[in-house]
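Chain and residue survey
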Amino acid sequence: MMNNKLQVTPAQMFNAPVLFFVICKVQIGVGVYGFQSLVYENAKQDSWISIILSFVVCHLIVFVMFKTLEMYDSNDFYGINLDLFGKYLGNLLNLSLMLYYGILFFAVIQNFSEVMVTWVFPDIDPSFIIITILLLVIYTFTGGLRVIIGLCFIGFFLPQWMLAILLYPLEFANINYLFPILDNDFISLLKGAYAISFTVVGFEVITALYPFVKEKRKAKIYVHLGLLYTMIVYLFVMLVTLLFFSGEQLQRVIWATLSLFSIVRLPFFERIEIFTVCFWIIVILPNLCVFAWSAYRGFNRVIQISEKKFILIFTALIFVGTLLVKTQFQMKVINELVGHISFYTVFAFPLVLYFIALFKKKILKR
Amino acid sequence: MNSLKSIPLFMAILIVLAGCANREILERTSLTTLLGYDLAEDDKLAATAVIRQINPDLESKVEVQSATEETNRGALMKIELKTSKKIGVGQLRVALFGEELAKKGLDDSIHALIMNPEVSNGIYLAVVEGKANSLIESKYKNITDIGQHIFQLIDHNIEQNHALSSTLHEVNRDNTTKLTNFSLPMLKKQGEFIEISGIALFNEGKMVGSLPSEDILYAKMIRNDFQDGTLELTLPSATLKMESTISEEDIQIAIDSIKSTRKFKLVDTAVPEFNLTIDIECLLQEIQSELRVSDMKEQKNLEKQINKKIESEIKRIIQYSQEIDSDIFRFGEQYRAQNRQAKNINERWHEMYPDMKVNVTVNAKVLRDGVFQ
């Protein structure tokens with residue numbers, strides 16, 4: 001094997017059960033704001049089936065990812081790439097993987113600021129919001145991996161009350177919107193599942209986190225459990241949305257979840273959705289940090305650089321990127337693009353990698 | 001830069017930056033609680049706003065302002081020219097529309113409201129008989145804050161099943177699909193009071209008809225399942241063979257605590273034909289004192305008469321909605337949900353709707369009749 005083995009000290013490691021929170025956290029991000037209309041466009045009243053389908057695929061991919069990771073006892077995808085494809089092609093793949101995390105980071109922060117500007121502060125400059133978040137990211141990131149993981153843990157528990165708030169819109173539920181069940185063909189259900197790629201990705205950070213898990217054998221269970229939990233959350237949100245909106249309406253709503261919140265009127269809180277939008281920063285902050293950290297792991301293999309320097313360069317690049325996007329339509333195009341990219345990186349690439357790794361192992365044995 | 005030193009620095013930057021956002025100070029903002037729209041000359045929109053001024057020292061003041069402009073936003077801007085404080089619509093509770101505007105179409109007004117993120121999805125919409133402006137600007141002796149008053153009026157009546165729910169979300173939901181139409185409560189100025197006078201029925205955003213307030217509960221029976229309604233019925237006395245000595249032709253009864261559940265069954269997709277079954281459980285609240293329902297047989301007979309009466313009323317209301325082609329009862333949704341072949345039903349539904357047949361069956365059950373026979 002090549003000299004790309006990682007040196008991980010025990011102090012940097014974390015326990016396997018924590019992975020459950022990390023996975024839940026990274027998967028639930030800005031996508032929740034409006035994934036419903038994307039699925040509905042294809043799968044109509046059977047959208048909830050599409051969600052189940054997409055998570056079945058997620059479980060399969062995680063299974064394959066772990067199979068690949070277990071072939072090497074403690075390495076991440078970056079190292080595996082280098083081992084399988086050599087210096088040049090391997091580094092090229094690593095670069096695209098880093099780029100992918102960067103794009104994900106960019107999409108999350110851009111979507112969040114877009115929602116913030118539309119719903120809460122129409123006359124504020126989006127750059128201001130972005131700078132504020134980036135400062136928070138820098139601050140957290142310099143704390144190291146364990147701080148980021150800790151943030152994931154908090155970020156998992158704090159927003160749970162929102163699920164209870166989502167029971168309020170059921171007052172306006174109309175069960176007819178779910179019928180007739182299974183009236184759409186399998187292809188459109190798959191298309192619906194494909195449309196939410198951007199919303200369900202995030203769990204691929206396991207490929208970068210793996211060397212830092214203490215009990216490697218247990219890691220698998222907690223990742224699968226995390227996926228299961230996210231599926232339940234998404235399924236719940238999707239069902240409430242389907243019951244609440246009529247089909248044509250859902251296709252025209254931009255952020256369905258926020259519109260759901262908008263009808264809730266609590267005695268002490270008239271407009272809860274304004275609060276949830278602001279509160280969402282707790283939801284996305286851990287995600288941003290984990291994505292940035294995953295990119296850092298790759299970068300560190302090419303150029304030895306301190307975490308502090310890396311995050312400063314990284315956020316500066318992201319900031320410049322966000323200056324280029326101005327309108328809602330550009331945002332829509334970018335989201336679609338990110339959806340495609342994430343599908344290929346998260347769902348297609350690990351499969352290919354697995355078969356190549358398997359192939360290589362077989363040949364070496366002979 | 002070690003991390004301990006950097007904390008205060010970040011905090012300082014954050015506080016300085018957070019101070020940059022536009023402040024909204026309550027004393028310097030006036031809150032619009034009610035908006036009224038009317039049709040003005042040249043197809044312009046006349047907006048009337050009830051604005052609540054918050055004053056920390058004195059009691060809050062309610063102010064009414066109006067302006068005429070091409071668009072919703074334009075009218076609000078013109079109103080802003082007339083007020084001393086910045087106007088916010090985040091606390092908007094009710095939007096009223098004049099009858100004339102409603103007949104011309106509300107699509108654009110509803111769309112303007114739903115597009116504005118500042119406006120909640122839960123505000124109530126209603127139609128005013130006559131002009132919204134004159135209803136709002138009139139002086140009422142007992143009403144100090146008309147915005148709050150109209151909101152309470154609509155809100156509690158919906159809760160008591162005396163009006164059909166008409167939140168912006170529901171109206172928009174029924175209006176965006178061609179399978180259903182929406183309805184709004186109608187308000188009317190009655191001397192010193194404002195009352196809910198009935199429901200306005202819409203087709204493609206245009207008001208095409210109305211039902212009086214007595215029919216609201218029947219309409220509600222078709223639209224929703226609900227609990228706790230009250231209904232007054234007139235039954236022909238000849239059919240009620242009780243120990244009666246009265247010679248009047250009609251007798252009035254009132255039933256209370258109505259619990260109603262309905263079931264739609266599509267029996268023929270071509271016509272289309274529905275079986276509508278409504279199960280009612282109720283409490284006999286008022287009946288003429290000479291009449292006594294003393295045994296099982298009489299009870300059954302009374303129930304039969306109640307069924308007959310409600311059935312005929314519901315049939316009449318459905319027929320009326322078919323005549324004016326306004327499907328506020330969401331038969332279209334039921335049709336789509338129960339028929340797998342109904343893929344392109346959206347375009348065709350309104351051609352089918354006037355020919356639709358509905359077989360209404362009501363099963364009323366008088367559970368008890370108070371504490372005295």
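Residues numbered from 1 in each chain as written. Chains lettered and ligands numbered in written order. Predicted model: local features only at pLDDT ≥ 70, side-chain atom pairs only at ≥ 80, totals over all residues. Heavy atoms only, no water.

Concerning the overall build of chain A
Scanning chain A for helices and strands turns up 16 helices and zero strands. Based on the C-alpha atoms only, the size of chain A along its principal axes is roughly 65 × 45 × 35 Å. Looking at the 366 residues of chain A, the share that counts as buried comes to 58%. Carbon and sulfur atoms make up 71% of the accessible area of chain A, which totals about 15,400 Å². (Helix = DSSP H or I, 4+ residues; strand = E, 2+ residues; numbered from the N terminus. Buried < 20%, exposed > 50% of the residue type's maximum accessible area, 1.4 Å probe, protein only. Areas by Shrake-Rupley, 256 points an atom, 1.4 Å probe, with all protein chains shown as cover.)

Description of the domain arrangement of chain B
Residue and element names in this part refer to chain B. Entries for chain B in the domain assignment read domain 1 (23-213) and domain 2 (225-373). Taken over C-alpha atoms, the centre of domain 1 sits 33 Å from the centre of domain 2. Listed as interface residues are 18 residues of domain 1 and, on the opposing side, 21 residues of domain 2. Buried surface at the junction of domain 1 and domain 2, both sides included, amounts to about 1,600 Å², of which 54% is carbon and sulfur. (Domains from an automatic or database assignment. Contact = heavy atoms within 4.5 Å. Buried area = accessible area lost by both parts, 1.4 Å probe.)

Some details on the side chain of B:Thr32
As for its position among the elements, B:Thr32 is in strand 1 (residues 29-39). Sequence-distant contacts of B:Thr32, that is, excluding residues within four places in its chain, are made with B:Ala49, B:Val50, B:Ile51, B:Ile87, B:Gly88, B:Val89, B:Gln91 and B:Leu92.

Section: the packing of helix 4 (residues 77-119) of chain A against helix 5 (residues 126-141) of chain A
Residues and elements named next belong to chain A. Contact geometry for helix 4 and helix 5: axes closest at 9 Å, N-to-C directions at 130°. In terms of axis orientation, helix 4 runs oblique to helix 5. Considering only the axes of helix 4 and helix 5, their crossing is right-handed. On helix 5, the residues that touch Phe105, Ile109, Gln110, Phe112, Ser113, Met116 and Val117 of helix 4 are Pro126, Ile129, Ile130, Ile133, Leu134 and Val137. Here the contact of helix 4 with helix 5 is built from residues that sort into eleven nonpolar, two polar and no charged. (Axes fitted to C-alpha atoms, helices over the stretch in contact; angles between N-to-C directions. Parallel < 35°, antiparallel > 145°, perpendicular 65-115°, else oblique. Left-handed = near helix turned anticlockwise from the far one by under 90°. Nonpolar A, V, L, I, M, F, W, Y, C, P; charged D, E, K, R; others polar.)

Focus on the environment of B:Gly122
Secondary-structure assignment places B:Gly122 in the loop between helix 4 (107-115) and strand 6 (124-128). Considering only alpha carbons, one finds B:Gly122 and B:Thr167, 45 residues apart in sequence, at a separation of 5.2 Å. Setting aside chain neighbours within four positions, we find B:Gly122 in contact with A:Ser262, A:Ile263, A:Arg265 and B:Thr167.

Brief notes about the nonpolar core
Counting residues in hydrophobic clusters, the biggest one holds 135 residues, and the most contacted among them are A:Tyr33, A:Phe35, A:Phe105, A:Phe112, A:Phe203, A:Leu209 and A:Tyr234. With 19 residues, helix 4 of chain A is the largest single contributor of residues to this core. Filtering out sequence-adjacent residues up to four positions away, A:Phe112 remains in contact with A:Val30, A:Tyr33, A:Ile129, A:Ile133, A:Val277, A:Trp280, A:Ile281 and A:Ile284. By size, the runner-up hydrophobic cluster in this structure holds 48 residues, among which are B:Ile216, B:Leu217, B:Phe274 and B:Ile328. (Core = buried A, V, L, I, M, F, W, Y, C linked by side-chain atoms within 4.5 Å.)

Side note on the side chain of B:Ser165
Looking at where B:Ser165 falls in the secondary structure, it is placed in the loop between helix 6 (146-159) and helix 7 (168-176). A polar contact of 2.7 Å, which involves the side chain of B:Ser165, links it to the side chain of B:Glu170. Aside from chain neighbours lying at most four places away, what touches B:Ser165 is A:Phe172, B:Ile158, B:Glu170 and B:Arg223. (Polar contact = N/O pair within 3.5 Å; in protein donor to acceptor, adjacent residues only side chain to side chain.)

Observations concerning unusual backbone geometry
Following A:Phe179, the chain continues into A:Pro180 via a peptide bond in cis, with omega recorded as -10°. Note that A:Pro180 resides in the loop between helix 7 (161-165) and helix 8 (186-195). Phi at B:Asn161 takes a positive value of approximately 65°, unusual for a residue other than glycine. Structurally, B:Asn161 is set in the loop between helix 6 and helix 7. Judged by its relative accessible area of 6%, B:Asn161 falls in the buried class.

Section: the pattern of salt bridges
All names here are of chain B. A complete count under the given rule lists 15 salt bridges over all chains for this structure. Between Arg330 and Asp174 there is a salt bridge whose closest N-O contact spans 3.1 Å. Placement of the pair is Arg330 in the loop between helix 9 (296-323) and helix 10 (331-338) and Asp174 in helix 7, with a sequence separation of 156 residues. Here Asp174 falls in the buried class, since its relative accessible area comes to 2%. Sharing partners across several salt bridges, the network here consists of Asp215, Lys309, Glu313 and Arg316. (Salt bridge = Lys/Arg side-chain N within 4 Å of Asp/Glu carboxyl O.)

Concerning the packing of aromatic side chains
For the structure shown, the criterion picks out 43 aromatic pairs over all chains. Measuring from ring centre to ring centre gives 5.7 Å for B:Tyr37 and B:Phe97, while their planes differ by 20°; the resulting arrangement is stacked. Taken as a pair, B:Tyr37 in strand 1 and B:Phe97 in strand 5 (residues 94-98) lie far apart in primary sequence, 60 residues in all. Considered together, B:Tyr37 and B:Phe97 belong to a single accessibility category, that of buried residues. With a centroid separation of 5.3 Å and an interplanar angle of 50°, the aromatic rings of B:Phe274 and B:Phe331 are classed as tilted. Taken together, the residues span a long stretch of sequence, with B:Phe274 in strand 12 (residues 273-286) and B:Phe331 in helix 10 at a distance of 57 residues. Grouping aromatic residues by their ring pairs yields a cluster made of A:Phe20, A:Phe21, A:Phe153, A:Phe156, A:Phe157 and A:Tyr229. (Phe/Tyr/Trp six-rings, centres within 6.5 Å; stacked < 30°, edge-to-face > 60°.)

Comments concerning the environment of B:Gln53
Its location among the elements puts B:Gln53 in strand 2 (residues 45-53). Separated by 259 residues in the primary sequence, B:Gln53 and B:Ser312 have C-alpha atoms spaced 51 Å apart.

Remarks on the interface of chain A and chain B
Across the contact, 36 residues belong to chain A and 39 residues belong to chain B. Carbon and sulfur atoms make up 52% of the surface buried where chain A meets chain B, a total of about 3,200 Å² over both sides. Taken together, the links from chain A to chain B amount to one salt bridge. Across the pair A:Asp183 and B:Arg340 runs a salt bridge, and its minimum N-O distance is 3.7 Å. Counting residues per element, the ones that place at least two in the side of chain A that touches chain B are helix 4, helix 5, helix 11 (216-244), helix 12 (247-252) and helix 13 (256-262) of chain A. By residue number, the principal contributor to the side of chain A that touches chain B is helix 5 of chain A, which donates six residues. Its residues placed into classes, the side of chain A that touches chain B shows 18 nonpolar, nine polar and nine charged.

Re the pairing of strand 8 (residues 193-203) of chain B
All names here are of chain B. Counting buried positions along strand 8 yields nine of eleven residues, so the element is predominantly enclosed. As paired elements, strand 7 (residues 183-190) and strand 8 share eight bridges and run antiparallel to each other. Bridging across to strand 8, Lys189 finds its partner in Ile194. In textbook terms, the turn of a hairpin is the stretch between consecutive antiparallel strands, and for strand 7 and strand 8 this stretch comprises two residues, one of which, Gly191, has a positive phi near 65°. Where strand 8 and strand 9 (residues 206-212) come together, six bridges link them in antiparallel fashion. Paired with Phe202 across the two strands is Met207, which belongs to strand 9. A loop of two residues connects strand 8 with strand 9, the two strands running antiparallel in sequence, and Glu204 in this loop sits at a positive phi of about 50°. (Pairing = 2+ DSSP bridges.)

Observations concerning helix 7 of chain B
The buried count for helix 7 of chain B comes to eight of nine residues, which makes it a mostly enclosed element. When we look at burial in helix 7 of chain B, the residues that qualify are B:Leu168, B:His169, B:Glu170, B:Val171, B:Asn172, B:Arg173, B:Asp174 and B:Thr176. On its buried face, helix 7 of chain B is in contact with helix 11 and helix 12 of chain A together with helix 4, strand 6, strand 7 and helix 8 (216-223) of chain B.

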